[in-house]
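Close look at the chain arrangement
One-letter residues, chain by chain:
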Amino acid sequence: MKQTRIFPKVALDMFVIQLVWTGGFLGIMFLINIVKLIIAGVQGNEVEGYFNTIFIAGNIYMLIIGLLSIHFLSHYVGNGVTRKDYFIGSFLASIGIAIILPIFTILISSLEKFVLNLANISTKVQTINEVDIDENIIGDIVQSILISPYIDPQNNWMMAISLLALNLYINYLMGWLISSSFYRFDVMAGIGFILIALNFKMLKDTLLRISLDLPVPGWFSWLDFLPSGMALIGVFIIILVTVWFIRLLTKRIAIKM
Amino acid sequence: MNVKAEKVQLKYGKDFALKDISFELSGEKIYGLLGRNGAGKTSLLSILASFREPSSGTITINGDIPFENAKVMQQVAFLYNKDYKEESDNVIDMLEDIQRYRPNFDKNYAEYLVDRFKLDRKKPIKKFSKGMQSSLNVIMGLASRAPVTIFDEVYLGMDAPSRDIFYRELLEDQGKHPRIIIMSTHLVSEMDYLFDEVMIINQGTILLQEEIDKLLAKGATITGNEDLVNDFASNKKQINMQELGTTKSVTIYGELSDDEREAALESGLDLAPVSLHELFIHLTEEEN
């Protein structure tokens, strides 16, 4: 009897679940943004656009759902699904979410821009890329999680979506890598993987900045000599290495009961 | 279906949870897996269910190693005392989800069982009592109709009427859809009538594997005058002994021939059968 493939079911199920979460996240952020618009309108200040709000908050959101991803493993193995099928399904679903989230964001953002233009309210000019980098290590780490290379959707919306998707995806992978290591090993090893994940994230940001010809601050600024094409390839290598690490961690992992 | 374990060992650090496990289950029967706390029941069952790999040795199902084998893993259902405190789905959503991954799942039967156990269809599972969550495990296990179905102390928290429903439904469904069912339990006296075959695991090794009728035929309690009992039981494996004045009672484990039985009765000794519960206690006690 021909065996039906199981990973597409896992991918679809995980995508739908995470899509529902994402809908909730985008909805809540939209409500918050409306409140911020009203406050800014009353005070006569410039307002921050929805795209930029998601650009920052989306990183944390993706990190969290990446952390939660490992909890699906015991559910699936408990229902006779292999770790491999879980991994492939989860991997595909995460790509789907990283793509769909920026698309929803830009649609809502465009609608918001349209309404703001009608009301003649101006939006803040973003300075996300011109962050002040000092030598404070904690500041560097916090900044590396929150702030990624940025392109204004008004300049190039396709590029802005792609970049946001890439940033979000790396954050999801960081969460998945960290939770996989905690699931597999003890707390000390897990902390080690947090450091690995942070370095991957900072390296990816540096390489992206190089490839986009943006200012290159931080620990990996010495890589500035790389040509932009090479830097972009570097970003994809980081993604592949992270995904490979996750697979290695979960390949023969014992399920907690 | 055939389940075979050969020299299976499982180590947690330096400790052996399973020392040297070999057995074979063939035929669609209900197997009782008995063992004291920490004997290695769950460790063994979790390897069968591909939740983990053995440290050494092999387990095969129909000749294939189940671990990461999609074809085999789909055929094995493992139900255990799972924590549902974060499960916000209701029963119906949960069963629909399982149906997607279990090729033999019978949705109508699952819904019949939901009514039979009187589970609320709309309530989130995390709000169920422990017993209701156990009933849900039973429903998932029975309705999945997996060729190898494992219930690991799945009755925990279930009240007596619910356990009775479980046993009745198990026997009825096993009659209609025979499969290998492995049940690990502490409630030996309550569940012994369910088992076709019994395995006793103790300190990480298989103490015995026997059809239940043959196993019960091996146990006997001989009661009577102390000297006569001593004389009769001297060359037998004694697993328990009690004395009251000059009356002695000895539980033996081993085949008794018809001649031996007749001789015992003629000499005035009383021969009584031993329950599985008693055999389990005395055999594992003796080993420990």
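Because the structure is a prediction, the values reported are computed rather than measured.

Basis of the calculations
Residues numbered from 1 in each chain as written. Chains lettered and ligands numbered in written order. Predicted model: local features only at pLDDT ≥ 70, side-chain atom pairs only at ≥ 80, totals over all residues. Heavy atoms only, no water. Helix = DSSP H or I, 4+ residues; strand = E, 2+ residues; numbered from the N terminus. Buried < 20%, exposed > 50% of the residue type's maximum accessible area, 1.4 Å probe, protein only. Contact = heavy atoms within 4.5 Å. Core = buried A, V, L, I, M, F, W, Y, C linked by side-chain atoms within 4.5 Å. Pairing = 2+ DSSP bridges. Axes fitted to C-alpha atoms, helices over the stretch in contact; angles between N-to-C directions. Expected span 1.5 Å × (residues − 1). Bend = angle between axes of the 7 residues up to and from the residue. Buried area = accessible area lost by both parts, 1.4 Å probe. Salt bridge = Lys/Arg side-chain N within 4 Å of Asp/Glu carboxyl O. Polar contact = N/O pair within 3.5 Å; in protein donor to acceptor, adjacent residues only side chain to side chain. Left-handed = near helix turned anticlockwise from the far one by under 90°. Phe/Tyr/Trp six-rings, centres within 6.5 Å; stacked < 30°, edge-to-face > 60°. pLDDT = per-residue confidence, 0-100.

1. Details of the overall build of chain B
When helices and strands are counted, chain B shows eleven helices and 13 strands. Taken along the three principal axes of its C-alpha coordinates, chain B extends 65 × 40 × 35 Å. Across the 288 residues of chain B, 50% fall into the buried class. For chain B, the proportion of contacts with a sequence separation of at least 24, taken over those separated by at least 6, is 69%.

2. Here we look at the nonpolar core
If you look at the biggest cluster of nonpolar residues, it comprises 96 residues, and the most contacted ones within it are Met-62, Tyr-86 and Leu-207 of chain A together with Ile-150 and Ile-182 of chain B. If we ignore the near neighbours within four places in the chain, the residues touching Leu-207 of chain A are Leu-223, Leu-226, Ala-231, Gly-234, Val-235 and Ile-238 of chain A. Grouped together as the second largest cluster of nonpolar side chains are 51 residues, Tyr-84, Tyr-167, Val-198 and Leu-208 of chain B included.

3. Comments concerning the sheet that holds strand β3 (residues 30-35) of chain B
Residues and elements named next belong to chain B. Spatially, six strands are ordered β5-β6-β7-β3-β8-β9 in an open sheet, and the strand pairing comes out mixed. Of all the strands in the sheet, just β5 (76-79) and β9 (205-211) have a single pairing partner and so form its edges. This sheet shows a mean twist of 15 degrees between the axes of neighbouring strands, independent of strand direction. In this structure, strand β8 (residues 197-202) lies alongside β9, joined through six bridges in antiparallel fashion. Along β9, the bridge assignment pairs Glu-197 with Glu-211. In this fold helix α1 (residues 41-48) packs onto β3, β5, β6 (148-152), β7 (180-185) and β8, with an angle of close to 140 degrees to the strand it touches most, β3. Along the sheet, helix α5 (residues 130-144) makes contact with β5 and β6, crossing β6 at roughly 165 degrees.

4. A few points about helix α2 (residues 50-69) of chain A
Residues and elements named next belong to chain A. End to end, α2 covers 26 Å across 20 residues, agreeing with the expected 28 Å (1.5 Å per residue, within 8%). The largest bend in α2 comes to about 40 degrees, at Ala-57. Taken across its 20 residues, α2 has 15 buried, putting it largely inside the fold.

5. Side note on the environment of Ile-88 of chain A
Residues and elements named next belong to chain A. With respect to the secondary-structure elements, Ile-88 resides in helix α4 (residues 83-118). Here Ile-88 falls in the partly exposed class, since its relative accessible area comes to 24%. Residues Ile-88 and Phe-7, spaced 81 residues apart in sequence, show a C-alpha to C-alpha distance of 6.2 Å.

6. So, the interface of chain B and chain A
How big an interface is tends to be stated in terms of accessible area lost as the parts join. At the junction of the two partners, chain B supplies 20 residues and chain A supplies 24 residues. A combined buried area of about 2100 Å² lies between chain B and chain A, and 51% of that area is made up of carbon and sulfur atoms. For the chain B face of the interface with chain A, the top three residues by lost area are Phe-51, Arg-100 and Tyr-101 of chain B, together amounting to 34%. The partner of Asp-13 of chain A in a salt bridge is Arg-100 of chain B, and the shortest N-O contact between them spans 2.9 Å. Between chain B and chain A we count 13 residue pairs in polar contact (both at pLDDT 80 or more) in total.

7. Some details on the environment of Lys-118 of chain B
Mapped onto the elements of the fold, Lys-118 of chain B is located in the loop between α4 (107-116) and α5. Between the alpha carbons of Lys-118 of chain B and Ser-135 of chain B there is a distance of 9.4 Å; along the sequence they are 17 residues apart.

8. Observations concerning the packing of helix α3 (residues 91-99) of chain B against α5 of chain B
Residues and elements named next belong to chain B. At their nearest, the axes of α3 and α5 sit 11 Å apart, and the two run at 30 degrees to each other. Classified by chirality, the crossing of α5 by α3 is right-handed. Contacts between α3 and α5 involve Val-91, Met-94, Leu-95 and Ile-98 from the first element and Leu-136, Ile-139, Met-140 and Ser-144 from the second.

9. A look at unusual backbone geometry
For residues that are not glycine, phi is negative in most cases, and the peptide bond is trans in most cases. All names here are of chain B. Of note in this structure, Lys-118 is not a glycine but carries a positive phi near 55 degrees. Given the relative accessible area of 70%, Lys-118 is considered exposed. Look at Glu-153: it is not a glycine, yet its phi comes out positive at around 45 degrees. Residue position: Glu-153 is located in the loop between β6 and α6 (160-176).

10. A few points about the pattern of salt bridges
All names here are of chain B. Enumeration according to the criterion identifies 21 salt bridges over all chains in this entry. Glu-197 serves as the salt-bridge partner of Lys-29, at 2.8 Å between the closest nitrogen and oxygen. With Lys-29 in the loop between β2 (15-26) and β3 and Glu-197 in strand β8, this residue pair connects regions lying 168 residues apart in the sequence. You can call Lys-29 partly exposed: its relative accessible area is 22%. One network of salt bridges, with partners in common, ties together Glu-96, Lys-107, Glu-111, Asp-115 and Arg-121.

11. Description of the packing of aromatic side chains
Residue and element names in this part refer to chain A. In this structure the tally under the stated criterion is 19 aromatic pairs over all chains. When the ring of Phe-185 is compared with that of Phe-193, the centres are 6.2 Å apart and the planes differ by 15 degrees; the resulting orientation is stacked. Take Phe-193: its relative accessible area is 14%, and that puts it in the buried class. Ring-pair connections join several aromatic residues into one group, and the members of that group are Tyr-86, Phe-87, Phe-91, Tyr-172 and Trp-176.

12. Side note on the confidence of the model for chain B
Residue and element names in this part refer to chain B. For chain B, per-residue confidence averages 92 on the pLDDT scale, and residues scoring 70 or more make up 99% of the total. The secondary structure element of chain B with the lowest average pLDDT is helix α11 (residues 276-287), at 83, and the one with the highest is β5, at 97. Two summary scores accompany this predicted model of the complex, namely pTM at 0.88 and ipTM at 0.89.

13. Observations regarding helix α3 (residues 71-78) of chain A
Burial runs high along α3 of chain A: seven of the eight residues are buried. Buried residues along α3 of chain A sit in contact with α1 (7-43), α2, α4 and α6 (157-184) of chain A together with α2 (70-73) and α3 of chain B. Phi for Gly-80 of chain A, located one or two positions after α3 of chain A, is positive at around 80 degrees.

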